[in-house]
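# Survey of secondary and tertiary structure
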Amino acid sequence: MPSPRRVYYGLFMGLILFLAFTLYINVREADRAPAKRSNQHTLDPLYEDIRILCMIPYNYNGPGTAKYVKRTWGRHCNVLLFVSGDIDGELEPYVPVVNSTDTWTLVHQGLMHASLSYADKIDWLLRVEPSSFVVVENLRYMISKWKYQPSQPIYFGYLLENIVTHEPFAHHHSGYVISREALRRYTEASKDPENKECTHWAGYVEGLDIHRCMSFANVTVAESRDEFEHETFLPVTVDYQFLVGYDTIPWLRNLTYHKSTEKSVPISTRAICFLVEYPPEMYDYYYFVYRAKIFGTPVPTSIDFGP
């Protein structure tokens, strides 16, 4: 008859073998299972319903700024597309023309590529500067709030006034959003070699070139302000917004489509796009937007730093 010590030893070793075998099975199944999408978007109920491609054209001679986008807010886009004139191991950009640093070429070819490669995977395209910080969840919320549909031929952003036609057009430095249908129409209109409305005109900024082509394709400008008529796309860095004001930027004060008697335009509490003067500050923005927790603080309907 075996001693109690041997019985306990046998049971102990059996338990060890059972646990080792269970761990082996779990690890093997985990390796076989497809990788699950990160749960970083689970707090955004609109992530799957409003699919956004974020397109960032950048100069390949200075890719550092764009890398801050990928490391911070860019992960909240459904598709993150960088466009440049040379390859980059981290950013993995689409390269339409090797060694190109011309912004219009990168933007135009990037839009064509997005339409060709992602038309069935996205609902909206957001074009922003590499020095922008975007709260993508607020963009989805605004689209849902205004009940915009990707089948509508619309685009929107911070609006400036064309001094010739007095029509509004989206300021490209503030970022602008194009619906899937508007992107399709832009692409089709641009394919016609006889159509000069969808080409870059010497002396014209990107915003005017885009708007000219959009108008030719019967795409209209939509509202981008919130329900209080506060701006969601900022045309300047936050120091001008809250401290300096727009009076020191005459062209912006004169060309802003929605005129304001205040020192700066009113900014929404659900702002979408900010311009960042010092790119590493994107880490700070990301922390305060997505990580910091505020206890017991009421949410105001406007932002006022005045006395």
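Every value quoted in this text rests on a predicted model; they were computed, and no experiment measured them. Per-chain numbering applies: the sequence of each chain, read as written, is numbered from 1 onward. Local features in this predicted model are restricted to residues whose pLDDT is 70 or higher, and side-chain atom pairs enter the listing and the counts only when it is 80 or higher, whereas totals over whole chains, interfaces and linings include all residues. Note that water and hydrogens are dropped before the side-chain values are worked out from all heavy atoms of the structure.

### Let's talk about the overall build of the protein chain
Heads up, the condition is: Counting from the N terminus, the helices are DSSP H or I runs at least four residues long and the strands are E runs at least two residues long. Any residue under 20% of the maximum accessible area for its type is buried, any over 50% is exposed, and the rest in between are partly exposed; the area is computed with a 1.4 Å probe on protein chains only. Working rule for contacts: check all heavy atoms of both residues, and any pair within 4.5 Å makes them a contact. Per-residue accessibility takes into account occlusion by the displayed protein chains alone, with areas from the Shrake-Rupley method and a 1.4 Å probe.
Along the protein chain, the regular secondary structure elements total nine helices and eleven strands. The 307 residues of the protein chain split such that 43% are buried. Partitioning the contacts of the protein chain with sequence separation of at least 6, the portion at a separation of at least 24 is 72%. Split by element, the accessible area of the protein chain, about 17,100 Å² in all, is 58% carbon and sulfur.

### A word on the environment of E223
The cut-off we apply is this: We define a polar contact as two N or O atoms separated by no more than 3.5 Å, with the added condition that, inside protein, one atom must be a possible hydrogen donor and the other a possible acceptor, whereas residues neighbouring each other in sequence contribute only through side-chain atom pairs.
As for its position among the elements, E223 is in the loop between β9 (220-221) and β10 (233-237). Placed 69 residues apart in sequence, E223 and I154 show a C-alpha to C-alpha distance of 9.5 Å. The contacts of E223, once residues within four sequence positions are left out, are M142, W146, Y148, F156 and H258. From its side chain, E223 meets the backbone nitrogen of R225 in a polar contact 2.9 Å long.

### Observations concerning the sheet that holds strand β11 (residues 273-275)
As a reminder of what qualifies: Any two strands are treated as partners once DSSP identifies two or more bridges connecting them. Fitting a line to C-alpha atoms yields each axis, with helices limited to the stretch in contact; the angle taken between N-to-C directions then spans 0 to 180 degrees.
The three strands are arranged β4-β11-β10 in an open sheet whose pairing can be described as mixed. Every other strand in the sheet has two partners, leaving β4 (132-134) and β10 as the edge strands with one partner each. Strand-to-strand, the axes of this sheet are offset by a mean angle of 15°, without reference to chain direction. Of the strand pairs in this sheet, β10 and β11 are connected by two bridges, and their pairing is parallel. Directly across from T237, in β11, lies its bridge partner L275.

### Thoughts on empty space enclosed by the protein
Stated formally: Within this scheme a cavity is a closed region of a 1 Å grid, computed over the protein atoms alone, that accommodates a 1.4 Å probe without allowing it to escape, whereas a pocket is open but has protein on both sides within 12 Å along at least five of seven lines; lining residues each have an atom within 4 Å of a point. Grid points are joined across faces, edges and corners, and a volume is the space filled by probe spheres set on the points.
Enumeration over the complete set of coordinates arrives at one cavity of 30 Å³ or more. Roughly 40 Å³ of volume is contained in the largest cavity. What lines the largest cavity is Y246, L252, R253, T256, H258, K259, S260 and V265.

### Details of the packing of helix α3 (residues 103-118) against helix α5 (residues 180-191)
The test is simple: Each angle receives one of four descriptions, namely roughly parallel if under 35 degrees, roughly antiparallel if over 145, roughly perpendicular if within 65 to 115, and oblique otherwise. Left-handed describes a crossing in which the near helix is turned anticlockwise from the far one by less than a right angle; the clockwise case is right-handed. Polarity classes work like this: nonpolar for Ala, Val, Leu, Ile, Met, Phe, Trp, Tyr, Cys and Pro, charged for Asp, Glu, Lys and Arg, and polar for all others, with Gly in that last group.
At a minimum axis separation of 9 Å, α3 and α5 run at an interaxial angle of 115°. One element, α3, and the other, α5, form an angle in the roughly perpendicular class. Like other packed secondary-structure pairs, α3 and α5 cross with a definite hand, here left-handed. Contact residues: W104, H108, L111, M112, A114 and S115 in α3; L183, R184, Y186, T187, S190 and K191 in α5. The residue inventory of the contact of α3 with α5, partitioned by class, reads six nonpolar, four polar and two charged.

### Details of the sheet that holds strand β5 (residues 154-157)
Taken in spatial order, the six strands make up an open sheet running β2-β1-β3-β8-β5-β9, and their pairing is mixed. The outermost strands of the open sheet, each flanked by one partner alone, are β2 (79-83) and β9. Note: strand β1 (residues 52-57) against strand β3 (residues 124-127), four bridges, orientation parallel. The residue bridging M55 from the neighbouring strand is R127, located in β3. Along the sheet, α3 contacts β1, β2, β3 and β8 (176-179); its crossing angle with β1, the most-contacted strand, is approximately 155°.

### A look at the pattern of salt bridges
Stated precisely, the cut-off is as follows: The salt bridge definition used is simple: a Lys or Arg side-chain nitrogen within 4 Å of an Asp or Glu carboxyl oxygen.
Considering all chains together, one arrives at 14 salt bridges under this definition. One salt bridge in this structure joins R225 and E223, with 3.0 Å as the shortest N-O distance. By relative accessible area, which is 26% here, E223 ends up partly exposed. Taking the shortest distance from any N to any O, the salt bridge between R253 and D247 comes out at 3.0 Å. Judged by its relative accessible area of 23%, R253 is partly exposed. Taken together, the shared-partner salt bridges in this structure form one network comprising R51, D123 and R180.

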